[in-house]
Amino acid sequence: MLKIAIVGLPNVGKSTLFNALTNGDALAANYPFATIDPNTGIVAIPDERLEVLAKLYRTDKITPATIEFVDVAGLVAGASKGEGLGNKFLAHIRQCDAICHVVRAFSNDRVQRADGTVTIDPKSDIEIINTELALADVATIENHLPKLQKEAKANPKLMPRVALLRSVQSQLLAGKVPTEFHDFSPAELHQQLDGLDLLTAKPVIYLFNVEETDLTNQARQAELRQLASQATGQPLDRLTAVFVCAELESEIRSLSPVEASELMADYGVTESSLDQLARVAYHTLGLQSFLTAGAKEVRAWTIHRGWTAPQAAGVIHTDFERGFIAAQAVSYHDLARLGSESAARSAGKIRTEGKTYIMQPDDVVEFRFNVSK
């Protein structure tokens, strides 16, 4: 299951956003550390294809793909050294696949920053959080390097990992995003970093909590992107940003679907925050989904882009991958257009794919396998 940590300074709207995303009731208050233990919520990823397939296969059981959101307490300057229960909070982030960094970009004199002011300073806020994550990683590397260096003396093949960690450490201390983070996939990077789960190596989605009028203000959004680029040192084309009004999302949460759609339309919003985050997170992490369908259940499964049919089968059950024979695949769009599996078969749209087949995002699949005892 995809797991995303919602982080940021105190009072930037994390818990309000978390409640809107998960339909939960996390404490949202105007003081630091209103959240101490992390709130977690598992939400279904909206997928209109599942309803269509459920009608086609006449089943009531729908199982969507899911995301687990973790509402981490507000970090403060000094978190890497334990300030504000920082060590505990940073540990929660390590367990997640990606970071959703909530940044305040709204005006409200009643909502104070951690320093007691009400100033809006997105660039500074981003720098504070990123500095704490970087310092925590520097400490992790410092603790790990002596052991790795000792092992490398006996095994010279480990020297490239020593060099990589030193390079990463040096760049983090210089306030830069290590260039190596863009050279490997998340799995490859984890291996190259000798299994260290570095916070700064996790993909980051910057979620700007803006005022309602800024949801369609392209100039303001471009300005905020530029500030984030300056704060992180990342070029704009590598920066992932989403713009949401947490207060509006909170209001939408209390409305019926029709009323919610009407209110969103009034503000020029075409996509809910959950839809946006799910879409962006999938893209950022290189994920996609495939579908299985039948009279018992219609279900979406999450896999990495580029995975083969046997790897996808293994997500359902390890036996499916171990004993993989073939995959019967059809495009969701062909299946929905033709109205039935038999019609798709008659039209030649159902394909038999082998072990080297690369899964496609709209595949509806039935796996064939055999596992001998």
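For the structure given in this document, a descriptive report is provided here. (Residues numbered from 1 in each chain as written. Predicted model: local features only at pLDDT ≥ 70, side-chain atom pairs only at ≥ 80, totals over all residues. Heavy atoms only, no water.)

## Points about the pattern of salt bridges
According to the stated counting rule, one finds 15 salt bridges in the structure shown. Linking Glu 297 and Arg 299 is a salt bridge whose minimum nitrogen-to-oxygen distance equals 3.9 Å. Here Arg 337 makes a salt bridge to Asp 334, at a shortest N to O gap of 3.1 Å. Here the residue Arg 337 and the residue Asp 334 both occupy positions in helix H13 (residues 332-338), the gap between them amounting to three residues, near one helical turn. Using a relative accessible area of 55% as the deciding quantity, one classes Arg 337 as exposed. (Salt bridge = Lys/Arg side-chain N within 4 Å of Asp/Glu carboxyl O. Helix = DSSP H or I, 4+ residues; strand = E, 2+ residues; numbered from the N terminus. Buried < 20%, exposed > 50% of the residue type's maximum accessible area, 1.4 Å probe, protein only.)

## Some words on the pairing of strand E1 (residues 2-7)
Summarising burial for E1: six of the six residues are buried, a large majority. Burial along E1 is two-sided: the residues Leu 2, Ile 4 and Ile 6 and Lys 3, Ala 5 and Val 7 are all buried. Relative to strand E4 (residues 66-71), E1 runs parallel, the two sharing five bridges. Its bridge partner lying in E4, Ile 4 is registered against Phe 69. (Pairing = 2+ DSSP bridges.)

## Details of the nonpolar core
Of all hydrophobic cores here, the largest spans 54 residues; its most connected members are Leu 2, Ile 4, Leu 53, Ile 67, Phe 69 and Ile 93. For this core, the leading source of residues is helix H10 (residues 273-285), giving seven residues. Ignoring anything within four residues of it in the chain, the contact list for Ile 67 reads Met 1, Leu 2, Ile 4, Gly 41, Ile 42, Val 43, Ile 45 and Ala 278. In this structure, Ala 105, Ile 126, Tyr 206 and Val 210 belong to the second largest nonpolar core, which totals 21 residues. (Core = buried A, V, L, I, M, F, W, Y, C linked by side-chain atoms within 4.5 Å. Contact = heavy atoms within 4.5 Å.)

## As for helix H5 (residues 159-173)
Here H5 contains 15 residues, and its C-alpha end-to-end distance of 21 Å stays within 8% of the 21 Å for a straight helix at 1.5 Å per residue. Residues of H5 that are buried in the fold lie against helix H4 (122-154) and helix H6 (186-192). Of the residues one or two after H5, Gly 175 is the one with positive phi, at around 80 degrees. (Expected span 1.5 Å × (residues − 1).)

## Side note on unusual backbone geometry
The backbone of Arg 58 sits at a positive phi, close to 55 degrees, despite the residue not being glycine. By the element assignment, Arg 58 lies in the loop between helix H2 (48-57) and strand E3 (62-63). We classify Arg 58 as exposed; its relative accessible area is 77%. Within the chain, Asp 194 stands out as a residue other than glycine whose phi angle is a positive 60 degrees. Relative to the helices and strands, Asp 194 resides in the loop between H6 and strand E6 (204-210).

## Looking at the packing of helix H8 (residues 246-253) against helix H9 (residues 257-266)
Contact pair H8 / H9: the axes reach a minimum separation of 9 Å and the direction vectors enclose 155 degrees. With respect to H9, the element H8 is oriented roughly antiparallel. Note on packing geometry: the crossing formed by H8 with H9 is right-handed. Facing Leu 248, Glu 251 and Ile 252 of H8, the residues of H9 in contact are Ala 260, Leu 263 and Met 264. Tallied by class, residues from the contact of H8 with H9 come to five nonpolar, no polar and one charged. (Axes fitted to C-alpha atoms, helices over the stretch in contact; angles between N-to-C directions. Parallel < 35°, antiparallel > 145°, perpendicular 65-115°, else oblique. Left-handed = near helix turned anticlockwise from the far one by under 90°. Nonpolar A, V, L, I, M, F, W, Y, C, P; charged D, E, K, R; others polar.)

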